[in-house]
Amino acid sequence: MKEYTIQMDADFLGQYPLKTFSKGTILFEKGKELEYLYYLVDGICAGIDLTVNGSQLLPLFYRGGEFMGVAKELLLTGSNIPSGSCIAKTKICAYQVPVLEFRRYLRENPAVYQEIAKSVIQAQQAMLSIAHLRIRGNSVAVVCHCLCTLMQPLPQSPGRWYVSNVFTITDLAANLQLHRVTVSKLLKRLTAAGLIAKKSYGFEICQPKELRAYALGEKLFDARDGLV
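Our subject in this report is the structure included herewith. (Residues numbered from 1 in each chain as written. Predicted model: local features only at pLDDT ≥ 70, side-chain atom pairs only at ≥ 80, totals over all residues. Heavy atoms only, no water.)

Take the overall build of the protein chain next. Scanning the protein chain from N- to C-terminus turns up 8 helices and 12 strands. Looking at the protein chain as a whole, 49% of its 228 residues qualify as buried. Put simply, 72% of the contacts in the protein chain that link residues at least 6 apart link residues at least 24 apart. Carbon and sulfur atoms provide 51% of the accessible area of the protein chain, an area that totals close to 11,600 Å². (Helix = DSSP H or I, 4+ residues; strand = E, 2+ residues; numbered from the N terminus. Buried < 20%, exposed > 50% of the residue type's maximum accessible area, 1.4 Å probe, protein only. Contact = heavy atoms within 4.5 Å. Areas by Shrake-Rupley, 256 points an atom, 1.4 Å probe, with all protein chains shown as cover.)

Moving on to the packing of helix α5 (residues 139–150) against helix α7 (residues 180–192). Close contact between α5 and α7 brings their axes to 10 Å; oriented N to C, the two are set at 75 degrees. Between α5 and α7, the crossing angle belongs to the class labelled roughly perpendicular. Across from Ser139, Val140, Val143, Cys144 and Leu147 in α5, the residues of α7 making contact are Leu186, Leu187 and Leu190. The residue inventory of the contact of α5 with α7, partitioned by class, reads 7 nonpolar, 1 polar and no charged. (Axes fitted to C-alpha atoms, helices over the stretch in contact; angles between N-to-C directions. Parallel < 35°, antiparallel > 145°, perpendicular 65-115°, else oblique. Nonpolar A, V, L, I, M, F, W, Y, C, P; charged D, E, K, R; others polar.)

Of all the residues in helix α3 (residues 99–108), the buried ones are Val99, Phe102, Arg103, Tyr105 and Leu106. Down the axis of α3, the buried side of the element spans an arc of 160 degrees, and every buried residue falls inside it. α3 presents Leu100, Arg107 and Glu108 as exposed residues on the side facing more than 90 degrees away from its buried surface. (Arc of directions from axis to C-beta.)

Within the fold, threonine 149 resides in helix α5. The residues contacting threonine 149, other than those within four sequence positions of it, are Phe61 and Arg63.

Let us look at the environment of phenylalanine 28. Among the structural elements, phenylalanine 28 can be located in strand β2 (residues 26–28). Here phenylalanine 28 falls in the buried class, since its relative accessible area comes to 9%. The sequence separation of phenylalanine 28 and proline 82 amounts to 54 residues, and the corresponding C-alpha distance is 8.0 Å. Phenylalanine 28 has contacts with Leu34, Tyr38, Met68, Gly69, Pro82, Gly84, Ser85 and Cys86, leaving out every residue within four places of it along the chain.

The geometry of an aromatic ring pair comes down to the distance between the two centres and the angle between the two planes. In total, this model carries 6 aromatic pairs according to the counting rule given. Consider the rings of phenylalanine 12 and tyrosine 16, whose centres lie 5.3 Å apart with planes at 70 degrees: the pair is edge-to-face. Here phenylalanine 12 matches tyrosine 16 in class, with each residue buried. With 5.6 Å between their ring centres and 90 degrees between their planes, tyrosine 162 and tyrosine 201 make a pair best called edge-to-face. One end of the pair, tyrosine 162, is in strand β10 (residues 161–164); the other, tyrosine 201, is in the loop between β11 (196–199) and β12 (202–205), and 39 residues separate them in sequence. Here the aromatic residues Phe12, Tyr16 and Tyr105 are joined through ring pairs into a cluster of three or more. Across from the ring centre of phenylalanine 203, 5.4 Å away, lies the NZ or CZ of lysine 198, which sits over that ring. (Phe/Tyr/Trp six-rings, centres within 6.5 Å; stacked < 30°, edge-to-face > 60°. Lys NZ or Arg CZ within 6 Å of the ring centre and 35° of its normal.)

The sheet built from 4 strands is open, its strands ordered β9-β10-β12-β11 with antiparallel pairing. Both outer strands of the open sheet, β9 (152–153) and β11, are each paired with one neighbouring strand and no more. Here β10 pairs with β12 via 4 bridges, running antiparallel. Across the sheet, residue valine 163 finds its bridge partner in β12, namely phenylalanine 203. Contacting β11 and β12, α7 crosses the sheet at an angle of about 110 degrees to β11. (Pairing = 2+ DSSP bridges.)

Moving on, we get to unusual backbone geometry. Only a minority of non-glycine residues have a phi that is not negative, and only a minority of peptide bonds are not trans. The residue glutamine 156 is not glycine, and still its phi comes out positive at about 60 degrees. Turning to its location among the elements, glutamine 156 is positioned in the loop between β9 and β10.

Turning to a positive patch on the surface, a few remarks are in order. Taken together, the side chains of Arg180, Lys185, Lys188 and Arg189 define a basic patch exposed on the protein surface. Relative to the assigned elements, lysine 185 resides in helix α7. (Patch = residues over 30% accessible without salt bridge, like charges linked within 9 Å, V, L, I, M, F, W, Y side chains within 5 Å. Salt bridge = Lys/Arg side-chain N within 4 Å of Asp/Glu carboxyl O. Lys, Arg positive; Asp, Glu negative; His and termini not counted. Charge placed at Lys NZ, Arg CZ, Asp CG, Glu CD.)

We now examine the side chain of serine 85. Note that serine 85 resides in strand β7 (residues 85–88). By relative accessible area, serine 85 is classed as buried at 9%.

Right, here's the structure in full:
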């Protein structure tokens, strides 16, 4: 469900260090001035403490090809104060780009500015969509959306997808702001419905298209499935 990969000029990124960060590293914190932005090459990060109307906590996961730390505040108002924090959920590899250099690059490359602005808008729309699903009590869609976001190709198995076991049920529940028991029950029921399968390496995504449909709220389980 990741739709806003940003293709950056390799010569620009190559000016800056490509760094490796361990799982659990906090790259930046809400309310603390940014010195660097991070262009994620490999691994997964999570945005935390992101809010809508000052109260609704929302999950936002970053994958390879995304800039972390680029929010509407930085693009539109010139503020270097992030609206959320960012933590590495796996071992990651990212270019560390000084904010001032990033701003200069955008001024000189308006087409890139437009693409990054589009990615920010799409990310916010995705968060609002999740918020609306949660307000309507559609926990199934929230969990499915999370699985779709985190799924990646299964190594040496073309056409197969999985969510790594580095994302435990407790971890998913914390990011989704759902009770651990709720997430556990939903995963079991998604397994029973044949959408996912528990494996030693995590959860295999058996029916990606179907999972996306439930994630978007386009399809709903009925009472017979026990997922309403």
